[in-house]
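Listed below are the residues making up each chain.
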Amino acid sequence: MKIQEITPFVLSSKERGSATWASTMIVVKVTTSDGMIGYGEAVPTLRVKPVFSAIQQVSKGYLGKEVERVERNYHEWYKQDFYLSRSFESATATSAIDIALWDLVGKELGAPIHRLLGGKFRDHVPVYANGWYKDCVTPEDFAREAKNVVKRGYRAMKFDPFGPYYDWIDEHGLRQAEERVKAVREAVGEEVEILIEHHGRFNANSAIEIAKRLEKYRPLFAEEPVHHEDLEGYRKYKRHSNLRVAMGERLVSLKETLVYLREGLVDILQPDLTNIGGVTVARKVASLAEAFDVEVAFHNAFGSIQNAVSIQLASVIPNLLLLENFYDWFPQWKRDLVNNGTPVEMGRVKVPDGPGIGVEVNERILEELKTDPVALEVVEEPVWVVGGTWKNY
Ligand SMILES: O=C(O)C(=O)C[C@H](O)[C@H](O)CO
Ligand SMILES: [Mg+2]
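Residues numbered from 1 in each chain as written. Chains lettered and ligands numbered in written order. Predicted model: local features only at pLDDT ≥ 70, side-chain atom pairs only at ≥ 80, totals over all residues. Heavy atoms only, no water.

A word on the coordination of the magnesium ion (ligand 2)
Piece 1. Surrounding the magnesium ion (ligand 2) are the protein donor atoms Glu197 (OE), Glu223 (OE) and Glu249 (OE), which sit 1.9 to 2.2 Å from the metal.
Piece 2. The class of Glu223 is buried, set by a relative accessible area of 0%. (Donors = N, O, S within 2.8 Å, 3.2 Å for Na, K, Ca; no water. Buried < 20%, exposed > 50% of the residue type's maximum accessible area, 1.4 Å probe, protein only.)

Shown next as structure tokens:
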């Protein structure tokens, strides 16, 4: 089959997500010469307009190519796009098209992606909750919502307890963060995993101080304790902290990933299929992590197509730790966008056996929700924050 048409869609609705970044989806629809349709998803955040136009440009490198030559198509674009490894927009556009091609190959062969990759290692994928702490500020807020997460059957949850602190955190900020983490630990008990999100925003000295304060609450990992590209900061943090490091959501290639693995800077790798290079590269990255005895917890923070394809790959790799999940905190329209959805039961998701990404996109809702790509306003609370958690500082 040939790639005949590649169409980007920006989806949003009145019902917003738990954060600005979570209130939009960028969907890629690939139509073949045989009339088959495959779907992928790209990263929105503050880049809706540039990603939309990147998809239009990257598509020129894929039109007319054989759908089934997925890896070759990726490398053909890599050859064309001089800056792919330096351009997040190009990386996410390429990733979204790659996911749609895997969806198409699965549909053509009547097989889910997990079968194309050698079969399920697990029938259910364990997940952790994110997005659950919107508008939480006091320790009591966090404890109350954490209890609700456990009531839904989750056995692991992630949250960012640091409010508007950035780069440097003082004693007041440390104490506030500790009170929130303590309240969550006391609310959920000793056997539920708590994961501390730093959103890659502290210098190493502050991140080390945070680790010393939070260690007694036994977090499963410290996510992005320092800035993504701060290799010296990661080296220093690993020398002085006892917490496991999770990172990887901003990686855009296999080679970039090797740097963190080779130096032992990461304990749990969190590649994101919608920017690391789709299924094609995420699979390689997971195998590379396996060689370094590093577990994988795919970053999965955007929409229901990313969620579906991440579940497919998470079901296949032996070194999966957990899959991030916003499903129960999606705006309803994201769940409605895919038929036969992927509900979370008792902290895990049953792996779909439908062809390709395993779920069907509801074309009517796709058409209803599509909107023009616009430049987002920049406000005090950045797009990457779970909404309402920077109040009252
Ligand atoms: O889900 C996570 O781990 C995040 O860090 C969410 C980020 O804020 C989001 O991906 C920013 O685009
Ligand atoms: Mg994160």
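A word on the packing of aromatic side chains
Piece 1. In this structure the tally under the stated criterion is 15 aromatic pairs.
Piece 2. Between Trp132 and Phe159, the ring centres sit 5.7 Å apart and the planes meet at 70°, which makes this aromatic pair edge-to-face. Taken together, the residues Trp132 in the loop between strand E4 (124–129) and helix H5 (139–151) and Phe159 in strand E5 (residues 156–159) connect sequence positions 27 residues apart. Take Trp132 and Phe159: they sit in the same class, and that class is buried.
Piece 3. Measuring from ring centre to ring centre gives 5.3 Å for Tyr154 and Trp329, while their planes differ by 45°; the resulting arrangement is tilted. Remark: Trp329 occurs in the loop between strand E11 (323–325) and helix H12 (332–337) and Tyr154 occurs in the loop between H5 and E5; sequence separation between them is 175 residues. Residue Tyr154 shares its accessibility class with Trp329, and that shared class is buried.
Piece 4. Three or more aromatic residues link up through ring pairs in this structure, and these residues are Trp132, Tyr133, Phe142 and Phe159.
Piece 5. We note Arg152 situated over the ring of Trp329; from NZ or CZ to the ring centre the distance is 5.2 Å. (Phe/Tyr/Trp six-rings, centres within 6.5 Å; stacked < 30°, edge-to-face > 60°. Helix = DSSP H or I, 4+ residues; strand = E, 2+ residues; numbered from the N terminus. Lys NZ or Arg CZ within 6 Å of the ring centre and 35° of its normal.)

A look at the site of ligand 1
Piece 1. The environment of ligand 1 is formed by 14 residues, the closest being Thr45, Lys158, Glu223, Glu324 and Trp384.
Piece 2. One of the side-chain N or O atoms of His299 is found 3.2 Å from an oxygen atom in ligand 1.
Piece 3. Here ligand 1 has 330 Å² of accessible area as a free molecule, and 94% of this is covered by the chains. (Near = heavy atom within 4 Å. Polar contact = N/O pair within 3.5 Å; in protein donor to acceptor, adjacent residues only side chain to side chain. Areas by Shrake-Rupley, 256 points an atom, 1.4 Å probe, with all protein chains shown as cover.)

Details of the domain arrangement of the chain
Piece 1. According to the domain assignment, the chain consists of domain 1 (3–111) and domain 2 (115–357).
Piece 2. A separation of 24 Å is found between the C-alpha centroids of domain 1 and domain 2.
Piece 3. Taken together, the contact pairs 39 residues of domain 1 with 35 residues of domain 2.
Piece 4. Buried area between domain 1 and domain 2, summed over both chains or domains, comes out near 2,900 Å², and the portion from carbon and sulfur atoms is 69%.
Piece 5. Our enumeration of links across domain 1 and domain 2 arrives at one salt bridge.
Piece 6. Note that Lys284 is salt-bridged to Glu71, the shortest N-O span being 2.4 Å.
Piece 7. Scanning the region where domain 1 abuts domain 2 turns up 16 residue pairs in polar contact (both at pLDDT 80 or more).
Piece 8. For the side of domain 1 that touches domain 2, the secondary-structure elements that each account for two or more residues are strand E1 (3–12), strand E2 (24–32), strand E3 (37–42), helix H2 (70–80) and helix H3 (88–109).
Piece 9. Sorting elements by how many residues they give to the side of domain 1 that touches domain 2 places H3 first, with twelve residues. (Domains from an automatic or database assignment. Contact = heavy atoms within 4.5 Å. Buried area = accessible area lost by both parts, 1.4 Å probe. Salt bridge = Lys/Arg side-chain N within 4 Å of Asp/Glu carboxyl O.)

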